[in-house]
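# What the coordinates show
Letter by letter, the chains look like this.
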Amino acid sequence: MGSSRVIAARRANFAGRVVILGFGSVGRGVLPLLGAVLGVHAERITIVAPDAQASGAAAEFGARVIRQGIFPGNLESVLAPLLGPGDFLLNASLHVSSLDLIRFCRTRGAFYLDTCTEPWLNHYDNALLTVSQRSNYALREAALAWGRENGPGPTAILTQGANPGLVSQFVKQALTEMAQGTGVRPSEDWGRLAQSLGVKVIHIAERDTQTPTRRKAAGEFVNTWSVEAFVDEGLQPAELGWGTHEKDLPDDGARHASGCDAAIYLERPGLATRVRSWTPLQGSYHGFLVTHAESISIADHLTVREDGRVVYRPTVNYAYHPCDDAVLSVHELAGRNWKLQDKQRIARDEIASGIDELGVLVMGNPRGAFWYGSRLSIQEAREIAPYNSATSMQVVAGILGGMAWALRNPKAGVVEPDDIDHELVLDIARPFLGEVTGVWGDWTPLRGRSALYDEDKDAADPWQFVNFRVD
């Protein structure tokens, strides 16, 4: 880490206090850049986490450390002395209710941002809850409902990391560039623009090729970011925004009984569901259909209604191929009947090579598919700031853009990535994302399929989800 240097341009001079709740890969990754980008004084940063150490990153950048977990019974007593009007709570924790933190921040007059809408511990694996109640759809609906009921107030941004987060801003930039490349008039009525471009499907298409020098061992789960968070979301039901062009629900698909109705869920975990997808450098691949908030929010925000009736919506889903060691870990996890391995390891300093190719694959336009996103290598991430992998750096970029937007829009209330200025966020995030580019391609889910087996490839529109899911 000694060769790392913080590369950033000052974009704000925030005089308030910042509390980082949780100090895993994201908390460590963002700490070096809060001063460099937002002008946060080190002595005004406090880290609250049960496993945080006063040495290492915290000591290097002068942050105070409180080794304490947050639970329903101590949330206010621990956080109240640390947050007041104009301060900022950055939630990078696990198993602490985002909604309860938002409520608390409202009473304190503090800003709030998270990278995932979290429930309290034992929610995801609570067999007394229905599949729908354990979904990201339900968590999003509850947070947005609270925001509508309580109106304007200190800005609280839900799910503004890389994905969810930056990918919602990538979608807007992708639609803009697709319009410019096809002679369609650009518009900030994003749903109408997507409809006019013929967009049927949007994948959050991500391929992580980072490789550590110490490979996965038997009985160990290895990942380039939080193991526990990945497994938590991976064992939630597979979820996706459900397009108006789709004719039939999958056999195990279901709609939610209330809410925006922009998404469906499958009666199976996301880590047991794969989809075919594509990135420009990797090419065609099989990804896990892991639930993410952006699969719901993008579909919801791009919905077009006429006379109260939904006339257009794309199908939106995450298609994630994590690093190879994580794929092996998932296969082992499935064989253990989804019981997490006893050993877990986040690959950081031992990553020797590889990139995280993260973007949005926008499909259906007559010209072809358009991928827009970030290609960031481990070497580039280390040059930008210490304590980061390519994966964490992309998340940090989204956080910094979101925090800057909140400081410029201090009374927006509860918002999500699709609500905020994509140009501002991308302007701040780009220096941390490596190569940011848009690429046209001719890939479809049916291209290059094997002739050895009858897969009913010609039965229907290639953009129908049921036709290209890999069971």
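First things first, this report covers the structure right here in the doc. Quantities reported herein were computed from a predicted structural model and do not represent experimental measurements.

### Here we look at the pattern of salt bridges
Counted by the stated rule, this structure contains 15 salt bridges. Arg-11 is the partner of Asp-427 in a salt bridge, and the nearest nitrogen-oxygen pair spans 2.5 Å. Of this pair, Asp-427 sits in helix α13 (residues 422-429) while Arg-11 sits in the segment before β1 (18-21); the two residues are 416 residues apart in sequence, bridging distant segments of the chain. Looking at Arg-11, the relative accessible area reads 29%, which means it is partly exposed. A salt bridge links Arg-103 to Asp-100, with the shortest nitrogen-to-oxygen separation between them at 2.6 Å.

### A short note on the sheet that holds strand β5 (residues 111-114)
Read across the sheet, seven strands follow the order β3-β2-β1-β4-β5-β6-β22 without closing on themselves; strand pairing throughout is parallel. The two strands at the open ends of the sheet, each matched to only one other strand, are β3 (64-66) and β22 (414-415). By the bridge criterion, four bridges tie strand β4 (residues 88-91) to β5 in an arrangement that is parallel. Within β5, the residue paired with Leu-90 across the bridge is Leu-113.

### Side note on the environment of Glu-228
Residue position: Glu-228 is located in helix α8 (residues 227-235). In this structure the C-alpha to C-alpha distance between Glu-228 and Trp-371, which are 143 residues apart in sequence, comes to 29 Å. Among all residues touching Glu-228, those that are not within four sequence positions of it are Leu-94 and His-95.

### Looking at the packing of helix α5 (residues 136-150) against helix α9 (residues 293-301)
The interhelical angle for the contact between α5 and α9, taken along N-to-C directions, is 60°, at an axis separation of 9 Å. Considering their axes alone, α5 and α9 lie oblique with respect to each other. For the pair α5 and α9, the crossing hand works out as right-handed. On α9, the residues that touch Asn-136, Tyr-137 and Arg-140 of α5 are Ala-293, Ile-296, Ser-297, Asp-300 and His-301. Its residues assigned to classes, the contact of α5 with α9 shows three nonpolar, three polar and two charged.

### A few points about the state of the cysteines
Enumeration according to the criterion identifies zero disulfides in this entry. Unpaired in terms of disulfides, Cys-105 finds its nearest cysteine sulfur in Cys-116, a separation of 16 Å. You can call Cys-105 buried: its relative accessible area is 2%. Not part of a disulfide, Cys-323 finds its nearest cysteine sulfur in Cys-116, a span of 19 Å. Judged by relative accessible area, which is 2%, Cys-323 ranks as buried.

About the criteria used
- Residues numbered from 1 in each chain as written.
- Predicted model: local features only at pLDDT ≥ 70, side-chain atom pairs only at ≥ 80, totals over all residues.
- Heavy atoms only, no water.
- Salt bridge = Lys/Arg side-chain N within 4 Å of Asp/Glu carboxyl O.
- Helix = DSSP H or I, 4+ residues; strand = E, 2+ residues; numbered from the N terminus.
- Buried < 20%, exposed > 50% of the residue type's maximum accessible area, 1.4 Å probe, protein only.
- Pairing = 2+ DSSP bridges.
- Contact = heavy atoms within 4.5 Å.
- Axes fitted to C-alpha atoms, helices over the stretch in contact; angles between N-to-C directions.
- Parallel < 35°, antiparallel > 145°, perpendicular 65-115°, else oblique.
- Left-handed = near helix turned anticlockwise from the far one by under 90°.
- Nonpolar A, V, L, I, M, F, W, Y, C, P; charged D, E, K, R; others polar.
- Disulfide = S-S within 2.5 Å.

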